[in-house]
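Each chain is listed here by its residues.
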Amino acid sequence: MNTHFDVAILGGGIVGRTLALLLAREQLRVALVERPARPDAAPDIRAYALNAASRALLHSVRAWPDDERLATPVRTMWVADADPAADRGAAPEHAALRFDATQPDEALGWIVDVPALEQRLHQALHYQHGVQRLDATTDPRPRAALTVVCEGRHSATRAAEGIAYDTVPYPHTAIAARLRCERPHGTVARQWFRGDEILALLPLDGTEGQQVAMVWSVPHARAAHLLALSADALAQAVQQACAHALGTMTLVGQPAGWPLQRSLARPWVRPGLALAGDAAHAMHPLAGQGLNVGLGDVAELARVLREREYWRPLGDLRLLRRYERARAAPVAAMLATTDTLHGLFARPDTGAAALRRWGMRAVDRLEPLKRWLIQQAAGQPLAG
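Criteria and cut-off values
- Residues numbered from 1 in each chain as written.
- Predicted model: local features only at pLDDT ≥ 70, side-chain atom pairs only at ≥ 80, totals over all residues.
- Heavy atoms only, no water.
- Helix = DSSP H or I, 4+ residues; strand = E, 2+ residues; numbered from the N terminus.
- Expected span 1.5 Å × (residues − 1).
- Buried < 20%, exposed > 50% of the residue type's maximum accessible area, 1.4 Å probe, protein only.
- Pairing = 2+ DSSP bridges.
- Contact = heavy atoms within 4.5 Å.
- Axes fitted to C-alpha atoms, helices over the stretch in contact; angles between N-to-C directions.
- Core = buried A, V, L, I, M, F, W, Y, C linked by side-chain atoms within 4.5 Å.

Caption draft 1: Region of the structure containing helix α7 (residues 290-306). When the terminal C-alpha atoms of α7 are compared, their 25 Å separation across 17 residues agrees well with the 24 Å that a helix rising 1.5 Å per residue should span. For α7, the tally of buried residues reaches 14 of 17 residues, placing the bulk of the element in the interior.

Caption draft 2: Broad picture of the sheet that holds strand β9 (residues 144-149). Taking strand neighbours across the sheet as the criterion, the six strands line up as β8-β2-β1-β9-β16-β15 in an open arrangement whose pairing is mixed. Of all strands in the sheet, those bounded by a partner on one side alone are β8 (131-135) and β15 (269-270). Inspection of the sheet shows strand β2 (residues 30-34) paired to β8 by five bridges, in the parallel sense. Residue Glu-34 lies in a different strand from β8, and its bridge partner there is Asp-135. Strands in contact with helix α1 (residues 14-24) are β1 (5-10), β2, β8 and β9; relative to β2, the strand with the most contacts, it is inclined by about 170 degrees.

Caption draft 3: Geometry of the environment of Ala-221. Relative to the helices and strands, Ala-221 is located in helix α5 (residues 220-227). Residue Ala-221 is classed as exposed on the basis of its relative accessible area of 65%. Each C-alpha atom of the pair Ala-221 and His-172 lies 8.6 Å from the other, and the pair is 49 residues apart in sequence.

Caption draft 4: Quick peek at the nonpolar core. If you look at the biggest cluster of nonpolar residues, it comprises 71 residues, and the most contacted ones within it are Ile-9 and Leu-23. For this core, the element with the highest residue contribution is α7, accounting for nine residues. In this view, Ile-9 contacts Gly-16, Leu-19, Ala-20, Leu-23, Val-30, Ala-31, Leu-32, Val-33, Val-148 and Cys-150; residues no more than four positions away in its chain are not counted. Within the second largest apolar cluster, 23 residues are counted, among which are Leu-199, Trp-216, Leu-234 and Val-238.

See below:
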């Protein structure tokens, strides 16, 4: 193809599609390079936790799923430091921290069905004539003043460019699954820190729903064991791990697993090239902030490009470094937060466990601190 674009976006996931919509609004000629879906691919069971800033951004490009069954509000977050010995019949000892929305129509966040969000983005792009969608197998890198890499953590373009991707693997695999529960979830996002495991059950299918999205971070060997179980046996293992919090559970669809890592690209930008989303960074899912951070990247990049001097080219390195500098602090802070929380809760010794439980009980009694933490998790409204 001989067409020359203003911006070529490599990667048609949620981050790449959102960026394409943001830039097309600025009258830029955008190429969105996507890989076609595999016809034999299993149904996508993932769900993302999105904050208010991400919701506002997706609303601005008309891609937010309006049906609450596809974007379930979280009105309560409940986090427990649980004793895994309870699995073996011992008396459980745990501390819990609870965050509640203060107004009936307020949400702390939303659990969004990934296929539904991808479909809404697809529909928005269909009506956005400023974006030309290209097949990555036939036109992997069209000519453009600026190329933005949104290919994910295994980005081939980043590797071909020789950009370092500093990675520290965690000794854990994340298992994702969907479960139908005997009792309604009550719009509560539940999370258990269980020694070297972290189990999260996130509400799905609307305010009255009885489905949850599970993310269970466990050591690699245990993950292999859990993924090899039958559907009934895996559901029973989850029931036991969460102390039957939602009653009897039934697995919906096929579970999936992936190894966890902490990663950061260095640098994020070069003349005519920028990284965003998981191509630039990856973090532990325990805080549920991965996609929020990626959407923060593209919102900032779109702002920087929109506010550039009229004479400055889109691929100018000084311009792109404004984007890199603006994102450095929030990304570093989130990487450090998830790393610290993982290290703190993964320590099995009695002293660390006692300190954690004391801290959680103390925070749970301090309402002003809890409200501040909620505001930080919600993020600031994203420009775009």
